[in-house]
Amino acid sequence: MSDRLYIFDTTLRDGEQVPGCQLNTVEKIEVAKTLEELGVDVIEAGFPVSSPGDFNSVVEISKAVTWPTICALTRAVENDIRVAADALQYAKHKRIHTGIGTSDYHIKYKFNSTREEIIERAIGCVKYAKKFVEDVQFYAEDAGRTDNEYLARVIQAVVNAGATVVNIPDTTGYCLPAEFEAKIRYLMEHVDGIHKVTIATHCHNDLGMATANTVAGIMGGARQAEVTINGIGERAGNTSLEEVVMVMRSHKELGIDTNINTTKISAASRMVSSLMNMPVQPNKAIVGRNAFAHSSGIHQDGVLKNRESYEIIDPKDVGIDENSIVLTARSGRAALKHRMHVLGVDLDKDALDKAYEAFLKLADRKKEVNDDDVLMLAGKHTAASRRIKLDFLQVTSGVGIHSVASIGLDIAGEKFEACASGNGPVDAAISAIKNIIHRNMLVKEFLIQAINKGSNDIGKVHMTVEYDGQHYYGFSANTDIVAASAEAFIDAINKFVR
C-alpha cells in the first residue's frame with residue numbers, strides 16, 4: 001500500500017449543495033485556484049447534467065487549473081456520462097465519477113430493483129465512462145449500510161470493468177469507526193485486484209463521526225479521502241479537509257501524508273466561509289476562531305512555558321500568526337494591511353484606503369477590532385462593483401410610533417430616493433427599497449448573528465429573498481443592524497436585477 005493519501009475535494013460539488021452556499025462561476029474558479037494552491041489532488045467541480053450553470057462551471061474550472069485532476073459527477077445514466085465527458089473536454093487531467101446506490105434501502109425503495117440488476121448497471125456505467133476517459137471512479141452510494149459481502153461483489157464487478165478508483169461512501173453518516181474500518185479491510189481481503197485501484201472514503205457527519213470514520217477507513221487501507229473545506233456539505237456536512245490532513249501530519253507514526261501545503265489552510269477556510277456565507281463555528285477544529293485560544297489561567301501559564309503543553313499543532317503550521325497585532329483606533333494603515341495579509345486578504349492601494357476609512361469609523365465604536373471585523377471590512381470593497389448600492393439610510397423608530405425609513409439608492413450611477421413606514425425599522429427600510437425596486441420580492445429567511453455578543457459588536461445578517469420562484473441569498477455586516485439588513489436585502493437583489 002502507498003503511504004500517500006490523495007485528497008479529493010468536493011467543496012464545489014457536495015459542499016455547494018448546502019442551501020445558501022451557491023456560488024457563481026467566477027467564485028467557483030476562485031475556490032478551485034485556491035484548492036490548487038493548497039495542493040488538492042482531485043477537484044470535484046460539479047454535476048454537469050444537473051444544470052447549465054454546473055456544466056459551465058466544470059468547463060471553466062477545467063480551463064483555469066493546471067495540475068489537479070478535475071472530476072465530474074454522474075449517475076449511472078449514459079446521458080449523464082456523455083454530458084460529463086463534454087464538460088471535461090478542456091481538463092488536463094480528467095475523471096468521471098459515476099455510480100449507483102448499493103444498500104437494500106436504495107435498491108428496494110429508490111430504484112425498485114434487485115441486487116443483480118444493480119451490479120449490471122454498475123458494470124454498464126463504468127464501461128461506458130471508460131469510452132470517454134481512462135480515469136473512472138465508481139461510487140457505491142450508501143455503502144455504509146450495504147452488507148460487506150454484497151458490497152464486495154459490486155466492487156469486484158466494477159474493478160473488473162475497469163474502474164481506477166472505488167469510492168465507499170458512508171452517505172448517511174451511520175457507521176461507527178470500527179465498523180467502517182472493518183468494511184474497508186473486508187474489501188481489501190475479498191476483492192481480487194483491489195491493490196491495483198485506489199479505495200476512497202466519502203463520509204458524512206450526521207452523527208459527528210465523519211473525520212473519525214475517514215481516518216478509520218485510511219487505517220483499513222483507503223488511500224483517497226473525499227473532503228470539503230470547513231467540513232461543509234449536505235445536512236450535517238462532510239469530512240473536513242483540514243482535520244484529516246492535520247491528523248495525518250500530527251500522527252507521523254502512521255507513515256501516511258498528503259500533498260497539502262498546510263500553511264494555506266487558514267486562508268482557504270476563511271475564503272470559502274466568506275464566499276459561501278457559511279460562518280465557521282468558533283470551536284471548529286483547526287480553523288475555528290478559538291482553535292488556538294486559551295482563556296484558562298492554567299492553560300495560559302502552560303502554553304507560555306511550553307507551547308506543546310496544550311497545543312499539539314503549531315498555529316503557524318496551518319497559517320495562523322499567533323503573534324497577532326491588536327487593532328485599535330490608533331493603528332495605522334500598515335497594521336491593518338499586515339493583519340489582512342495574515343488572514344489571507346491582499347487589497348490594492350485604493351481598496352485598502354477605503355477599508356482603512358471604514359476601519360477608523362468602526363474602531364471609534366469598538367474598543368478592539370477583531371479578525372472577523374477585519375474580514376468584514378475587507379469584503380466591503382466588493383460592493384463598489386455592484387449595480388445597486390446604498391447611498392444613505394435614515395430611520396425613525398420608537399415605542400408607540402410607526403417606524404419610518406428614508407433611503408437613497410445608487411442604481412448604475414442614477415440616484416433614487418424613497419420613504420416608507422413599517423412594522424419596525426428593518427421592515428420600514430425594506431419597504432422603502434421595494435418602493436424603488438418595483439419587483440415582487442418576498443423575504444423568506446432573515447438571520448442576525450453577533451460575533452462576540454457585545455452591544456457594540458458587528459451584526460451579520462443572512463437573508464433569503466424569493467423572486468420569480470427562485471431564492472437568492474444576501475449577506476452583510478455592520479454595527480448598525482438596520483443598515484446591515486438593508487445591505488443584505490440589496491445584496492440579494494443585485495443577484496437578479498441586471
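Above: the structure in question.
Parameters and conventions
- Residues numbered from 1 in each chain as written.
- Predicted model: local features only at pLDDT ≥ 70, side-chain atom pairs only at ≥ 80, totals over all residues.
- Heavy atoms only, no water.
- Salt bridge = Lys/Arg side-chain N within 4 Å of Asp/Glu carboxyl O.
- Helix = DSSP H or I, 4+ residues; strand = E, 2+ residues; numbered from the N terminus.
- Buried < 20%, exposed > 50% of the residue type's maximum accessible area, 1.4 Å probe, protein only.
- Pairing = 2+ DSSP bridges.
- Axes fitted to C-alpha atoms, helices over the stretch in contact; angles between N-to-C directions.
- Contact = heavy atoms within 4.5 Å.
- Parallel < 35°, antiparallel > 145°, perpendicular 65-115°, else oblique.
- Left-handed = near helix turned anticlockwise from the far one by under 90°.
- Expected span 1.5 Å × (residues − 1).
- Arc of directions from axis to C-beta.

Chemist: Quick rundown of the pattern of salt bridges? Include the residues and the values.
Modeler: Tallied over the full model, the rule gives 25 salt bridges. Between Asp104 and Arg115 there is a salt bridge, with the nearest N and O atoms lying 3.3 Å from each other. Of this pair, Asp104 sits in helix H4 (residues 104–110) while Arg115 sits in helix H5 (residues 115–130), and the two are 11 residues apart along the sequence. Taking the relative accessible area as the measure of exposure, Asp104 reaches 43% and is therefore partly exposed. In this structure, Lys110 engages Glu141 in a salt bridge whose closest nitrogen and oxygen atoms are separated by 3.1 Å. Of this pair, Lys110 sits in helix H4 while Glu141 sits in strand S5 (residues 136–141), and the two are 31 residues apart along the sequence. The class of Glu141 is partly exposed, set by a relative accessible area of 21%. Salt bridges sharing partners connect three or more residues here, namely Arg13, Asp14 and Glu44.

Chemist: Go over the sheet that holds strand S10 (residues 403–411) with me, naming the residues and quoting the values.
Modeler: Ordered by their spatial adjacency, three strands build an open sheet running S9-S10-S11, and the pairing between neighbours is antiparallel. Sheet topology places strand S9 (388–396) and strand S11 (414–422) at the edges, where each strand pairs with a single neighbour. Neighbour-to-neighbour, the strand axes of this sheet turn through a mean angle of 15°, independent of strand direction. The pairing of S10 with S11 spans nine bridges and is antiparallel. Bridge pairing links Ile407 to Ala418 in S11. Relative to S11, helix H15 (residues 425–436) is tilted by about 135°, and along the sheet it contacts S9, S10 and S11. Strand contacts of helix H16 (residues 481–493): S9 and S10, with the helix running at about 150° to S9, the strand carrying the most contacts.

Chemist: Quick one: what's the story with the packing of helix H1 (residues 25–38) against helix H10 (residues 265–275), residue by residue and with numbers?
Modeler: For the pair H1 and H10, the least separation of the axes is 10 Å and the interaxial angle reads 165°. Here H10 runs roughly antiparallel to H1, going by the angle between their axes. The hand of the H1/H10 crossing is left-handed. For the pair H1 and H10, the contacting residues are Glu27, Glu30, Val31, Thr34 and Leu38 in the first and Ile265, Ala268, Met271, Val272 and Leu275 in the second.

Chemist: Tell me about helix H7 (residues 177–190), residues and numbers included.
Modeler: Between its first and last C-alpha, H7 extends 20 Å over 14 residues, near the 20 Å set by a 1.5 Å rise per residue. Within H7, burial applies to Phe180, Lys183, Ile184, Leu187 and Met188. Projected down its long axis, H7 shows its buried positions confined to an angular sector of 135°, all on one face. For H7, the exposed residues lying more than 90 degrees away from the buried face are Ala178 and Glu189. On the buried face of H7, the contacting elements are helix H6 (148–161), strand S6 (165–170), strand S7 (198–203) and helix H8 (210–220).

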